[in-house]
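Below, each chain spelled out in residue letters.
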Amino acid sequence: MADKNDKVAENIDGVWYVDNNCISCGLCISEAPEVFKTNDEDKAYVFHQVPADDPEAKSAMDSCPVEAIGNDG
Ligand code: SF4
């Protein structure tokens, strides 16, 4: 489960976020390229917020191998 107290710094405010457990696998960016991108350290972060029930963002969350994607919605 993602930790909202350990968010990647670049996340924009909103329901979706990535925490620092991200291992830079790139799956979330493939699943939801309008929501996730990578920072200078190749960690994913949320650059565009979508609703909490957005199907692509939810699919990305389900695909993340280390459960680094969180949803506070
Ligand atoms: S799917 Fe998870 S581990 Fe992979 S890049 Fe996205 S947040 Fe990081």
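Residues numbered from 1 in each chain as written. Predicted model: local features only at pLDDT ≥ 70, side-chain atom pairs only at ≥ 80, totals over all residues. Heavy atoms only, no water.

### Overview of the overall build of the protein chain
Link 1 in the chain: Helix and strand counts for the protein chain stand at two helices and four strands.
Link 2 in the chain: The helix and strand sequence of the protein chain, counted from the amino end, reads β-α-β-β-α-β.
Link 3 in the chain: Its C-alpha atoms give the protein chain a radius of gyration of 10 Å, within 12% of the compact-globule value 11 Å for 73 residues.
Link 4 in the chain: Once the C-alpha set of the protein chain is aligned to its principal axes, its extents read approximately 25 × 25 × 20 Å.
Link 5 in the chain: For the protein chain, buried positions account for 36% of its 73 residues.
Link 6 in the chain: Put simply, of all contacts in the protein chain between residues at least 6 apart along the chain, 55% involve residues at least 24 apart.
Link 7 in the chain: Carbon and sulfur atoms provide 46% of the accessible area of the protein chain, an area that totals close to 4200 Å².
Link 8 in the chain: When the 5 positive and 16 negative side-chain charges of the protein chain are each reduced to one mean point, those points stand 4 Å apart. (Helix = DSSP H or I, 4+ residues; strand = E, 2+ residues; numbered from the N terminus. Rg over C-alpha atoms; globule rule 2.2 N^0.38 Å. Buried < 20%, exposed > 50% of the residue type's maximum accessible area, 1.4 Å probe, protein only. Contact = heavy atoms within 4.5 Å. Areas by Shrake-Rupley, 256 points an atom, 1.4 Å probe, with all protein chains shown as cover. Lys, Arg positive; Asp, Glu negative; His and termini not counted. Charge placed at Lys NZ, Arg CZ, Asp CG, Glu CD.)

### Quick word on the site of the ligand
Link 1 in the chain: The environment of the ligand is formed by V18, C22, I23, S24, C25, G26, L27, C28, A44, C64, V66 and I69.
Link 2 in the chain: Broken down by class, the residue content of the shell around the ligand amounts to 10 nonpolar, two polar and no charged. (Near = heavy atom within 4 Å. Nonpolar A, V, L, I, M, F, W, Y, C, P; charged D, E, K, R; others polar.)

### What to know about empty space enclosed by the protein
Link 1 in the chain: Counting across every chain of the model gives one cavity of 30 Å³ or more.
Link 2 in the chain: Reported here for the largest cavity is a volume of approximately 120 Å³.
Link 3 in the chain: What lines the largest cavity is a set of 20 residues, among which C22, C25, C28, A44 and C64 lie closest to the centre.
Link 4 in the chain: Counting only elements with at least two residues in the lining of the largest cavity, the list comes to α1 (27-31) and α2 (55-63). (1 Å grid on protein atoms, 1.4 Å probe; cavity = no way out; pocket = protein on both sides within 12 Å on 5 of 7 lines; lining within 4 Å. Points joined across faces, edges and corners; volume = space filled by probe spheres on them.)

### Brief notes about the nonpolar core
Link 1 in the chain: If you look at the biggest cluster of nonpolar residues, it comprises 17 residues, and the most contacted ones within it are V18, F36 and I69.
Link 2 in the chain: Every element with two or more residues in this core is listed here: β1 (16-18), β3 (44-46) and α2.
Link 3 in the chain: A per-element tally of this core places β3 first, with three residues. (Core = buried A, V, L, I, M, F, W, Y, C linked by side-chain atoms within 4.5 Å.)

### A word on unusual backbone geometry
When glycine is set aside, most residues are seen to have a negative phi, and most peptide bonds are trans.
Link 1 in the chain: Unusually for a residue other than glycine, S24 sits at a positive phi of about 65°.
Link 2 in the chain: Its location among the elements puts S24 in the loop between β1 and α1.
Link 3 in the chain: Accessibility expressed as a relative area gives 35% for S24, which makes it partly exposed.
Link 4 in the chain: One non-glycine residue, E67, lies in positive phi territory at about 55°.
Link 5 in the chain: Among the secondary structure elements, E67 is positioned in the loop between α2 and β4 (69-71).

### Considering the environment of D6
Link 1 in the chain: Here D6 shows up in the segment before β1.
Link 2 in the chain: A relative accessible area of 29% means that D6 is categorised as partly exposed.
Link 3 in the chain: The contact partners of D6, leaving out residues within four places of it in the chain, are D19 and N20.

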